[in-house]
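Each chain, written out:
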Amino acid sequence: MLKIRNSHFKELKKDKSFGRLPSGEEVFSYNLSNKNGFEVEVINYGAVITSVKIPISKNKKLDVVLGFETLENYIQSFNLPNAPYLGTIVGRYAGRINNAEFILNEDKIVLTKNHGSHQLHGGINGFSKALWNVKNVTSNAITLEYISAANEENFPGQLTTQVTYTITEDNELKVDMIAKSTEDTIINLTQHSYFNLDGQSEDIVNQDLFVNSSKTLETNIENIPTGRFFEVARSPFDFNSSKECPTKIDNTFVLNDKDTVSVILKSKKNNLKMSVYTNQPAIHIYVGGNCFNQIKGKGNASYHPLSGICFEAQNFPDAPNHKHFPNAILKKDETYHHKTIFKFEKL
């Protein structure tokens with residue numbers, strides 16, 4: 001079992017009901033806040049971040065992540081033509097795995113397929129549909145745990161994962177994910193929130209984007225990595241100088257330096273800046289959130305293909321099938337540790 005340091009878990013914070021799953025199990029919502037009025041809401045279904053509210057004036061807060069007001073809508077969103085995974089933790093493996101198979105310790109592992117002949121975002125159910133157990137919660141932090149059984153979605157080993165969301169007095173949302181397995185396995189977790197610094201009913205095209213990356217992964221027509229890299233210089237994907245968000249993007253950016261800021265998103269409308277930091281080798285950037293006029297978002301918003309931008313800090317998609325990609329193997333009893341920080345500031 002994983003061990004959690006309890007130093008910042010001093011005052012146990014109460015939860016509130018967010019609804020019940022079809023199985024009858026109850027889902028709860030938790031509010032985290034700091035003295036500045038920065039608030040984050042989390043539910044234990046999918047370890048979803050349902051809202052991130054930033055004070056933008058004395059009497060006004062802006063909710064900058066896409067989401068739903070009911071559990072039923074989160075559940076139904078997985079039946080949309082293109083499930084958006086709004087705010088979820090994605091696992092065991094974020095992104096695509098070619099032909100839903102890979103070789104591990106000379107054994108061929110064949111995973112469940114949920115994206116044509118491939119696996120996407122952990123398979124048919126994955127971590128995003130799981131009911132997580134709340135281990136600790138206080139006014140500014142929550143730790144949730146999910147124990148994925150051996151051979152769930154055909155992944156080897158029982159994998160115990162804990163995610164801790166912490167908000168700081170500097171208006172940072174910290175995401176820490178640790179995991180251990182009873183057998184050698186593969187892992188690639190990510191937090192899958194869609195951000196819009198202009199608000200729930202706006203699109204993202206007037207916001208400015210900076211990405212600290214000089215190359216992306218080349219992919220085929222099914223968005224599977226070929227193993228080659230694409231230099232972004234003098235291309236539409238060069239965001240080394242800040243420019244307006246693209247209207248269409250679904251690409252993995254290889255980060256230049258894990259010790260500096262990875263992504264910056266700015267809203268001129270609200271004078272708001274979000275910076276992303278991570279210890280992961282890449283960030284997959286996706287513009288979307290479309291709910292196809294079938295499900296309403298928060299505040300009765302109609303989410304469309306330009307409603308939000310998702311920054312999926314992670315390893316490379318399909319890394320187990322490319323020896324020159326960063327290692328995605330988690331050895332038995334070793335510890336996987338993923339860190340990502342979303343920091344919010346006024347311009």
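Keep in mind it's a predicted model, so treat the numbers as computed, not measured. (Residues numbered from 1 in each chain as written. Predicted model: local features only at pLDDT ≥ 70, side-chain atom pairs only at ≥ 80, totals over all residues. Heavy atoms only, no water.)

A. Local environment of the pairing of strand E2 (residues 26-33). Across four bridges, strand E1 (residues 16-20) lies against E2 in antiparallel orientation. When the sheet's bridge partners are listed, Ser17 is paired in E2 with Phe28. The sheet contact formed by E2 and strand E3 (residues 39-43) spans five bridges and is antiparallel. Across the sheet, residue Ser33 finds its bridge partner in E3, namely Glu39. Linking two consecutive strands that pair antiparallel, namely E2 and E3, is a turn of five residues; a positive phi of about 95° is found at Gly37 within it. (Pairing = 2+ DSSP bridges. Helix = DSSP H or I, 4+ residues; strand = E, 2+ residues; numbered from the N terminus.)

B. Structural detail: the side chain of Asp63. Note on placement: Asp63 falls in strand E5 (residues 60-63). A distance of 2.7 Å separates polar atoms of two side chains, one belonging to Asp63 and the other to Lys298. Dropping the residues within four chain positions of it, Asp63 is found in contact with Ser51, Val52, Lys53, Asn196, Gly199, Gln200 and Lys298. (Polar contact = N/O pair within 3.5 Å; in protein donor to acceptor, adjacent residues only side chain to side chain. Contact = heavy atoms within 4.5 Å.)

C. Structural detail: unusual backbone geometry. Residue Arg92 is bonded to the preceding Gly91 through a cis peptide linkage, with omega at 5°. Positionally, Arg92 belongs in the loop between strand E6 (89-90) and strand E7 (96-97). Positioned with a positive phi, Glu106 is a non-glycine residue whose angle comes to about 70°. Along the chain, the position of Glu106 falls in the loop between strand E8 (101-104) and strand E9 (107-110). By relative accessible area, which is 77% here, Glu106 ends up exposed. (Buried < 20%, exposed > 50% of the residue type's maximum accessible area, 1.4 Å probe, protein only.)

D. Spotlight on the confidence of the model for the protein. Here the protein shows a mean pLDDT of 95. Residues at 70 or above account for 96%. Contacts for the low-pLDDT stretch residues 3-12, under 50 throughout, to residues beyond four places or in other chains number 24 contacts. (pLDDT = per-residue confidence, 0-100.)

E. The sheet that holds E2, seen in detail. Within the open sheet, the five strands sit side by side as E1-E2-E3-E4-E5. Their pairing is antiparallel. Looking along the sheet, the strands with just one partner apiece sit at the ends: E1 and E5. Going across the sheet, the axis of each strand differs from the next one's by a mean of 25°, ignoring polarity. (Axes fitted to C-alpha atoms, helices over the stretch in contact; angles between N-to-C directions.)

F. Examining the state of the cysteines more closely. For the coordinates displayed, the defined rule picks out zero disulfides. Unpaired in this structure, Cys291 has its nearest cysteine sulfur neighbour in Cys310, at a distance of 13 Å. No disulfide involves Cys310; its sulfur sits 13 Å from that of Cys245, the nearest cysteine. Overall, Cys310 belongs to the buried group, its relative accessible area being 0%. (Disulfide = S-S within 2.5 Å.)

G. Representation of the nonpolar core. Residues Val52, Val64, Tyr165, Phe311 and Phe344 are the most contacted members of the largest nonpolar core, which totals 58 residues. One finds Leu66, Phe78, Leu86 and Tyr286 within the second-largest nonpolar core, a separate group that totals 24 residues. (Core = buried A, V, L, I, M, F, W, Y, C linked by side-chain atoms within 4.5 Å.)

H. Fine view of the pattern of salt bridges. Using the criterion set out here, one finds ten salt bridges in the structure. Put simply, Lys298 and Asp63 hold a salt bridge, and the shortest N to O gap is 2.7 Å. Remark: Asp63 occurs in strand E5 and Lys298 occurs in the loop between strand E25 (282-288) and strand E26 (308-314); sequence separation between them is 235 residues. Here Lys298 and Asp63 have matching classes, each one buried. One salt bridge in this structure joins Glu345 and Lys273, with 4.0 Å as the shortest N-O distance. You can see Glu345 sitting in strand E28 (residues 336-346) and its partner Lys273 sitting in strand E24 (residues 272-278), a full 72 residues away along the chain. Residue classification places Glu345 among the partly exposed positions, given a relative accessible area of 30%. (Salt bridge = Lys/Arg side-chain N within 4 Å of Asp/Glu carboxyl O.)

I. Structural view of the packing of aromatic side chains. Overall, the coordinates contain 16 aromatic pairs when judged by the stated rule. Considering the side-chain rings of Phe195 and Phe344, the 6.3 Å spacing of their centres and the 45° angle between planes classify their relative orientation as tilted. Pair noted here: Phe195 is in strand E17 (residues 194-195) and Phe344 is in strand E28, with a separation of 149 residues, a long-range link. Residue class for Phe195 comes out buried when judged on its relative accessible area of 1%. Three or more aromatic residues link up through ring pairs in this structure, and these residues are Phe38, Phe195, Phe311, Phe342 and Phe344. (Phe/Tyr/Trp six-rings, centres within 6.5 Å; stacked < 30°, edge-to-face > 60°.)

J. Looking closely at the sheet that holds E17. Pairing within the open sheet is antiparallel, and its six strands lie in the order E17-E26-E25-E22-E19-E20. Two strands bound the open sheet, and with one partner strand each, they are E17 and strand E20 (225-231). Where strand E22 (residues 250-255) lies against E25, five bridges are found, and the strand directions are antiparallel. Across the sheet, Phe253 pairs through a bridge with Ile283, a residue of E25.

K. Geometry of the environment of Arg96. Along the polypeptide, Arg96 turns up in strand E7. Residue Arg96 is classed as buried on the basis of its relative accessible area, which comes to 13%. In the structure, Arg96 is positioned 199 residues away from Ile295 in sequence and 26 Å away in space, judged by C-alpha atoms. Look past the residues within four positions of Arg96 in its chain and what remains in contact with it is His115, Gln119, Leu120, Glu222, Asn223, Ile224, Asp250, Pro317 and Asp318.

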